[in-house]
Every structure is written in structure tokens, then in C-alpha cells.
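If you want the building blocks of each chain, they are given just below.
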Amino acid sequence: MNYDVVIIGAGIIGSGIARELSRYKIKIAVIDKASELPSGASRANSSMIHGGFDDKPGSVKARFCVPGNKLWHKLKDELDVHMNECGSYVCAFSDEEVKHLETLLEQGKANGCPGVEIISGGRLREKEPNASGEIIAALWSPEAGIINNFEAVHAFIESAQINGAELFLETLVTGLLFDDKGGIRGVTTNKGEFIAPVVINAGGVHSAEISSWAGDNSFRIIPTKGEYFLLDRTTQGFIHSFMFSCPSKAGKGITVAQTAEGNLLAGPTATEQEDPEDHATTPEGLAEVLKGARRLVPAFPVNLNITTFAGVRANIDTGDFTINALAKPRGFVNVAGIKSPGFTSAPAIAEYVADMVRHELGDRVKFAPNEKFIPERRNIPRFLYMDMVKRRELAQKNPAYAQIVCRCETVTEGQVIEAVRRGARTVSAVKMMTRAGTGRCQGGFCCPRVAEILSRELGIPLDEVTRHGGGSRLLAGRTKEFLLKKKREEAAK
Amino acid sequence: MSERKFICVSCPLGCGLTVTLEDSGEVLKVDGNTCPRGESYARSEVKDPRRVFASTVRVKGGKLPVCPVRSRTPAPKGKLFGIAEAVAELEVNAPVKIGQVLIHNVCGTDVDIVASRDLAAV
Amino acid sequence: MSRDIDVLIIGAGPAGVAAGIGARREGAERVVVLERDWDLGGILQQCIHPGFGLRTFKEELTGPEYMHRFIQQAHDEGVEFRTNTMVFQIDKGTNTVWTMNKERGIEHMTPGAIVLTMGCRERPLGAIRIPGTRPAGIYTAGTAQRFVNMEGHMPGKRAVILGSGDIGLIMARRMIWEGAEIEGVYEVMSWPGGLRRNIAQCLDDYGIPFHLKTTVTKIHGRDRLEGVTVAQVDDHMTPIKGTERFVECDTLLLAIGLIPENELSRMAGVEIHPVTGGPVVNDLLQTSDPKIFAAGNVVIVYDLVDNVSDEGLIAGANAAKYAAGKIPADIRRIPVKGGENVRLFSPQYVTGQADTTIYMRVTHPVEQACRVFAEPDLYSQRLRYARPGEMNEVRIKAGQITPDIKEITIDIQPV
């Protein structure tokens, strides 16, 4: 298959770049090994849209964070993504930590982060009555927020698809192809070759390995696990914003936030590990999160926990984002080590990479503007957030919207069918696209129903439906089969 | 003389029963029961333990792919797996009526397997 | 304002169907039960094992058989049912109920009284925060029961069951009868969560090991479950180092408790009790909103469906009375208090308008002769034991509620 650009990885970075490149009349393939999106670090993180005060002025991170933040405030409407524009607080418990806040304030000003100020502990508690009484001051950043990270990735990739990009899931890159002039010629995968003069490596935790195939060993990825608690939406309003602690000896900086959907989120830890695919939570990690959360908000209602999860971030040994087009082989671009504030920076990185590719690799691909580019993308209708007039209209037009599948999050059958139409193939994909199964019963009610819809819409037997692709089948066969098989085997003896 | 202990399964109380047996196997006495059902349960448990069997059968053309069934009366405990296999072999056509006998005298136990719900055809 | 529906009941499980019967018998003209499923009967349709209705019908029925009898009674009494109709919102204070149905779209109705009978749901894995991965093959016992008994599919071939609630025990036997293996049942407490007879007839009968004071401490497997680590726990429920053991299995079933299902009750703005998880009710089963009644597992999780049906009949009858203007606004509200060994109970208030049963559970087992009682001197009954897994009852006659009684205390103490 011939393309102009192949993007490895469909996380927030790869899908963001795909969308930016779809502004040009070029053939784009985005490939990801997962069965559903997002799957890597973009799936399990804080979904924080940072204010931009945390990064050393002059760093690559500082260059992209504030512009990324600005872009998200615009993109959330353009791409129809839920974002809680709530602001953030960095909380100080001692005079020493107040000094740290002052450093952050200066950095914020230098980075062009608007509206940052230091407020007293008392003022913080007027806004956040559940904040600890021991917090003496806080750095307030009004432009910070929290986004629905599942929606954000889908928004980017769907927008790219609307504008002509192609997505290939369950496609694992196994190597690179080179032309006889030492330039890149494409990639090999488990599904065959993808030929393209430009290959962009947005492989997250695997980006160093992919880069090494191109001969660039200049950085190393340190997979770093972050563990989280996610609490029931009945905690909505327990706190309203994103609360950080200062990094200190006491802890690595656990945060507590109200998510874009009104859940309470606490985490993450930061544990370095060898295995880039180890997403298991640990007793130690969860204990650390709980301790850190209680330090910020002592009444943290952990009894309303609905799930715990862990994500693996692509931390990089250089400590900063690595974004460059290699001189050799030409055509190969690294976008690696996009750790925090990666989600925030993603749209700005995407713009930058698209520009860079156009300028530096214009000899390899002709970048003519795509005059038919459509910037808007609409989300799957969200029944929960609609008024009754809209709900009635929708139900009248399509009766599947008059059938609830997930009662915790009020998700209708219509939404699930639409998710399948947009590419969902697994129960988890439906969950991430519609929120069916993200509520307090964690799929106890909707999982069999979603599985039935997947089976029906995809035309596959129920026992072939998977939780998240691969060998994650939900069921082991039909009733009676085990008994009859046993009986046949015994009869054969 | 010997003693055997059971939990009575006749009702949700779950009484702890102690049965005293003669060497011949005859029941001498039953202790620990709250009601007469406990006594008869203990006597039956010693001589001929029985359980109600409940499962499903495959259904063709029904509102559901399976229909629940039960043994109308308790079946010999030792024959439950044989009964499970006999039920597994069966496939019935919808509609199914509650109480409808699906297997008569299952595995020669003199016990019938009956449908335990109405299941309409699609 | 004219109204179409006198009593509207939400959910056609055992409580809702009984509430319909109760409301019609009390004389309500138009009684409608809404059911989100295509079928009536609620969760009992998937409880295909016998053990239901011994008290009501003097014989042991399966869940579908029990419901069949009640549904027939309800039809005979003139109760109307609307299936495939889900209530997704109740407007606070106004009694306006919003429903959806594929044929009728979105509608709303404002009945004379509402009875909440939505039942309960199972506690999920997240509630107990077990570390490890999140593979396929982890189900609540009830979800597995639906797969097996309603859809004809097996969740796995070799299962571990965590928690000893009745549905878990029942599913152990059910899966054995389908030719699957059950490695064992693990219970973190030092006493079983379910009924003794279910331990006997579902585990002991098939030699399934039952481990008390043991829990699952880790989940293994990326795609499909590959196993769990189990460990014994100390008296503070902390896993004991050195007791960990890897158990290979492809399925983990959770039977770790039931919680009243009160999504709609919260929307309706009725007061929810922090311990029962259900609406605070008086003995007429009236919630903090006088127009709204509640019965069954939505109020407090019962052991026996007979109790659920009894409470449904009471709630339905009182809702009918309310709709007819026969329940005064100024009835007495005598608070019930739980004593030292009472974990939860319902109702929380007694009115003196009718004979009453207060249902309660102990916090700790009392494995000796004891007494369940209500002070001041309203009830006393000897028991051979009292266990958290088995509900106890206090019965008070309306006539016993004299004007001088300001508070009622219930408890269970050894004698």
C-alpha cells in the first residue's frame, strides 16, 4: 500500500499529527497495534490540560504547553470534546513550598501562562471547602483544565479520517524500509508493507526502539507507571478543579481532580519499570495515591471508588520532548518522549510537526493544501447532557436512542450503534467512545447488552466478542457444550 | 451406633442436623431441626439423598435461546450429572409453557424435567 | 388537575408486581407498572434455581415460577404493565416521571403516587480495589448468571469465586452442572455472606473448597484472566505475608455484596440512608417525599423474596391510599434506633398506623442463644443465633404504639 506519510501510533500525538497533516492533499496512514483507541499513555493519564507554569523557560515543553492549552480551549468546541475548564491549584503546606510556588509563578509569567497568581490557603478553601486546612497558599492557574482524553483522541483521529486519513488498528510495526539513497521507504507490519517517503514515529513507550531501527539511539524511553483511583460521579462537586501538591520528599506529587465527566480522580504515582506494557496496579502504588490524595483533601471519599487503573508514560532520559526530522535516513521523524505536559501540548506539537514536515521534507512529498478540509467534527450524541427537546427529537428520528443500555451513565443503544459505525470493535472501545460501562456498576449491567449489540452489528457470534481485542474474549462457549464434549470424549474411550 | 451431621436445605433457616444411626443404618433420632421438614430431610439424606435439579434447555425459535427447566420433584443426588447430560442433549421448539414436561422419567429416576417458565416464540 | 395514573410503579420485579397487586386491592383505579426489560419478573427470571416462596406458597419454587404466580395474580387484579419502558428521570418535587420506549419515544407522566421498586445491583470489583491487571473474565456473579441462564453462554471453564454471597454460591453449582470447574470460594470475613443451606447444597455437595478469612490480592493476565493470587487475612483484613498462593483460573466471579439501586431515587430527591443505601422510609414505606413510596431491595437488601413481596404489597396499598388522599400529612414519625450490634435496619420510622415488621441485620455474629427485641417493651423473641448473613425481624402491632412512645430501640443481645 502506498502512502505519502505513515504515522506510527494513534495516541494523542499520532492522531493529532494526522489531523494537522490532513489539511494537505496527501495520503496518510495511521497505524496502531491496539484493537481500540486510545491504548497507550493517552488512555490512562490525568487528562490534565496544564496552565504552562511548570516547565523551565526555554525548554521544548515550555514552547508547546501554553500554545497547546490555548488550542484546546478552541478545539473543544471545534471537535466537540468535553473539557472541564476549571483551573488548577498547586498547594503549599510550608514556607519552603511557598517559595516553590513563587518560582512556578515566575516561570508561568516567562512562559506566557495567563492569569497565574498566588492565593492564601483561606481563599483556596473558599473555592474548595474540602481542601486540607494545612494548605497555607496555592498557585492558581485559571486557564488549566481537564479533558475527556478518550474523546480527545477519537476527535483527532475521526477528524483526520473525515479529511481522508486512513486508520489501521491491530497493525504492529515490525521494521523500517529504506530506499537506495539512504532515505526512508516505509514500514513493515504484521499486516504487510506500508510504503511512504515520510514516516513519523509517535510510538510512545516504543518510540526509542522504533528510532533505533532508523539508527538514532540518541534517547532512551523509561516506561513509568502511574496509578490512579477513579471515584463515582456522585462525588461531583467534592472538589471543582485540579489540585496539585508541590513535589517534595513526602511524595512525588499526587493530584486530585474532578474529571471532565464529574468523577473524582486521584493519582498518579511515578514508578519506573522495564516492561512498557505492564499496566497492573500495585498495593504500594494505590496506597501512595490514597495517602497523597488525603493529604490534599483529607475527606477523600475512597469508599466511592469505582475503579483503579494504571497507565505507562513514555518518560525520556533527556527529560524533554524529542521532536526532529532525522538527517539520515531522510524522511524519518521522531516525536518522542512526550510525557507530561504531553496531552496539553499535543495540538501545538501537531501543528509544529506538520509545518516541520512540510518545510524540511517538501522534496519527498508534495504538500498541496486540502481545500476541502473540514475542521469540525461532531461527537456521538451524548444523551446524558441533552435537554428533553433534543432527546425527544433524537428518539423520534431513531428509536435506538429511546433504549438505555448503560443506566449509570445514561447511554442509549443509538450511541453504542453509532460507536460501532465509527469503528468500535470491542467492549472497551464502546466504553471509551460512549462511556457505557464507566459508571458505578462498571459494566455489570451493560456489558452483556453491549456485547449483544457488538455481536449483532458486527455479524459475529457472541462468544467472539472481546473486551479489548486479542485473546480477551468475554465468553468461553455456549452452555451444554462442555457437558456434551465430555460425554463425546468418554464415549470415544 | 454412629452420628452424621447435615445442614438442612429444606428452607432458608439452614438448621444443623445431627442424625443418630443404628449399626444397621436405621435412623434412631434426629436432633437440631426446627420443624418436621428437618426430620424428614435428615431421614432421606441418610437413605436416599435427593436434590431438585435446575438448568436450562436449548430452544429453537424462542424469545430467548434457552429456557429454564427443573426436576419437578427432587432427584437422586447420585444421578444429577447424568440428568445434566440428558438435559444438555435436549433442544425444544418454542413456544414453551411453564410446567410442560420436557423429559419424562429422566434417566430412569421416575422424575420429570419440566419447563419453569413460559417462553414465547419470536 | 386530572390525572391518568393513580399509582405508578417503577420496576416489575417481585416488589413491583406485588406493589401493583397491593395498590389495586386497596382500590386504586389505574395502576401501572413500568418495566425496562421486554419481560416481567426482573432479576428472578435469571434465578432459575429453586428456593423461592416457601413462606408464601408453602413449596419451593424457582425464580421464574415464583414470578409467574405473582404476575398472574397481578393480571387478575387488573394491574397494567408497560414493558420495554425505562424511567430515566424523575423530576425533583413534582412527581413527574420521564420514560423512554422504542415505539412511543420519550414521554412523561405525573401519577398520584409513585412506588420505587428498582431492586439492587452488585458491588463491582472497583469497590474492593484489588491490584493487578484488568483482563476479560471478571464478572459479578449476577452478570455471569445472566450470560448462563438467559443467553446460554459460559463465562469460562475454571472459575474462582470471591465473596460468599448467595448468588456466588448458586453460580458455583450452576457452573458445575454445566461441566465447568470451580476452584474454590474465598471470603474475606470469618463468616459466610450467604445462607448456610447454600454452602451445604452448592459447595459441600460438590466438594468445592470454601476458604474463610481469605481474599484475592492480585489479578493476573493481560487479555483473558490467567489466574489470581489469594492470601489469608488477619483480623484487620490485611493479607498475611507468606500465605499467598497463585490459583490458575480463566474466570473470577464476584459475590461481594448487593447495593440498593437508587439512581432514580436520588434524582427524585428522596433522602437516602447512608448505611442501607436505600431511601429512608416509615413503616408505610413512604420516603421523605410523601408522594413517593419504596419497597424491596431498593430499600434494604433482603435474603428472601417473600419479604420483598410482602413489602411490595404494603407499599402499593399505601401508595393507593395516598393517591386517594387517605394518608394525612401529619402522621407520627417515631424514630427507630439500632442498638450496639445492629448494622442496618428498615423502616427507620414507625407511624403507629399499621402493624409493622422492622427488618434488621447484626454487625457481628452471635453464635449462642440470644434475644431480638424492641424497647420500650414492644417485642422480644428468643433466637438460637444471629448472623449477619441472615436477616432478623421485629414485629410491632399498631396498637402498641401509644402516645408516650418517643423512640424505639431495636437490638440483638445474648441471653
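Basis of the calculations
Residues numbered from 1 in each chain as written. Chains lettered and ligands numbered in written order. Predicted model: local features only at pLDDT ≥ 70, side-chain atom pairs only at ≥ 80, totals over all residues. Helix = DSSP H or I, 4+ residues; strand = E, 2+ residues; numbered from the N terminus. Rg over C-alpha atoms; globule rule 2.2 N^0.38 Å. Contact = placed C-beta atoms within 7 Å. Buried ≥ 20, exposed ≤ 12 C-beta atoms within 10 Å, placed from the backbone. Nonpolar A, V, L, I, M, F, W, Y, C, P; charged D, E, K, R; others polar. Pairing = 2+ DSSP bridges. Domains from an automatic or database assignment.

Draft legend 1. Up close: the overall build of chain A. When helices and strands are tallied, chain A shows 13 helices and 24 strands. Relative to a compact globule of 493 residues, whose C-alpha radius of gyration would be 23 Å, chain A shows 23 Å and is just as compact. Across its three principal axes, chain A shows a C-alpha extent of roughly 75 × 60 × 55 Å. A sequence separation of at least 24 residues applies to 72% of the contacts in chain A between residues at least 6 apart.

Draft legend 2. Here's a closer look at the environment of A:Thr281. All names here are of chain A. Looking at the element boundaries, Thr 281 is found in the loop between β18 (271-272) and α7 (283-296). Under the C-beta neighbour-count criterion, Thr 281 is labelled buried, with 26 such atoms within 10 Å. Linking Thr 281 and Thr 308, residues 27 residues apart in sequence, is a C-alpha distance of 7.3 Å.

Draft legend 3. Spatial organisation of helix α10 (residues 413-421) of chain A. All names here are of chain A. The buried fraction of α10 is high, at eight of nine residues. Of all the residues in α10, the buried ones are Glu 413, Gly 414, Gln 415, Val 416, Ile 417, Glu 418, Ala 419 and Val 420. Buried residues in α10 make contact with β22 (404-406), β23 (411-412), α11 (427-434) and α12 (446-458). Gly 423 lies just past α10 and shows a positive phi near 120°.

Draft legend 4. Here's a closer look at the interface of chain A and chain B. Each side of the interface is counted separately: chain A has five residues, and chain B has six residues. Looking at the side of chain A that touches chain B residue by residue, the classes come out as two nonpolar, one polar and two charged.

Draft legend 5. Seen up close, the interface of chain C and chain A. On the chain A side, the residues contacting the 38 residues of chain C number 44 residues. At four residues, the largest contribution of residues to the side of chain C that touches chain A is made by helix α4 (residues 141-149) of chain C. Split into classes, the residues belonging to the side of chain C that touches chain A amount to 15 nonpolar, 11 polar and 12 charged. By the bridge criterion, two bridges tie strand β24 (residues 477-478) of chain A to strand β12 (residues 153-154) of chain C in an arrangement that is antiparallel. Opposite A:Arg478, over in β12(C), you have C:His153 as the bridge partner.

Draft legend 6. Fine view of the domain arrangement of chain A. Residues and elements named next belong to chain A. In terms of domain boundaries, chain A breaks down into domain 1 (84-144 + 222-315) and domain 2 (383-464). Of the residues lining the interface, five residues belong to domain 1; the matching set on domain 2 comes to four residues. Per-class residue counts for the side of domain 1 that touches domain 2 are one nonpolar, one polar and three charged.

Draft legend 7. Structural context of the sheet that holds strand β26 (residues 370-375) of chain C. Residue and element names in this part refer to chain C. If you walk across this open sheet you meet the five strands as β24-β22-β29-β26-β27, and the pairing is mixed. Of all strands in the sheet, those with a lone pairing partner are β24 (349-350) and β27 (379-383), marking the two edges. Pairing of strand β22 (residues 334-338) with β24 involves two bridges; the strand directions are antiparallel. Across the sheet, residue Pro 335 finds its bridge partner in β24, namely Tyr 349.

Draft legend 8. Broad picture of the pairing of β26(C). Residue and element names in this part refer to chain C. In β26, alternate side chains face the same way, and those of Cys 370, Val 372 and Ala 374 are buried while those of Arg 371, Phe 373 and Glu 375 on the opposite face are not. Taking the residues that link successive antiparallel strands as the turn, the β26-β27 hairpin has three residues, and the phi of Asp 377 there is positive, at about 55°. Bridge analysis of β26 against strand β29 (residues 408-414) gives six bridges, and the strand direction is antiparallel. By the bridge assignment, Cys 370 is partnered in β29 with Pro 414.

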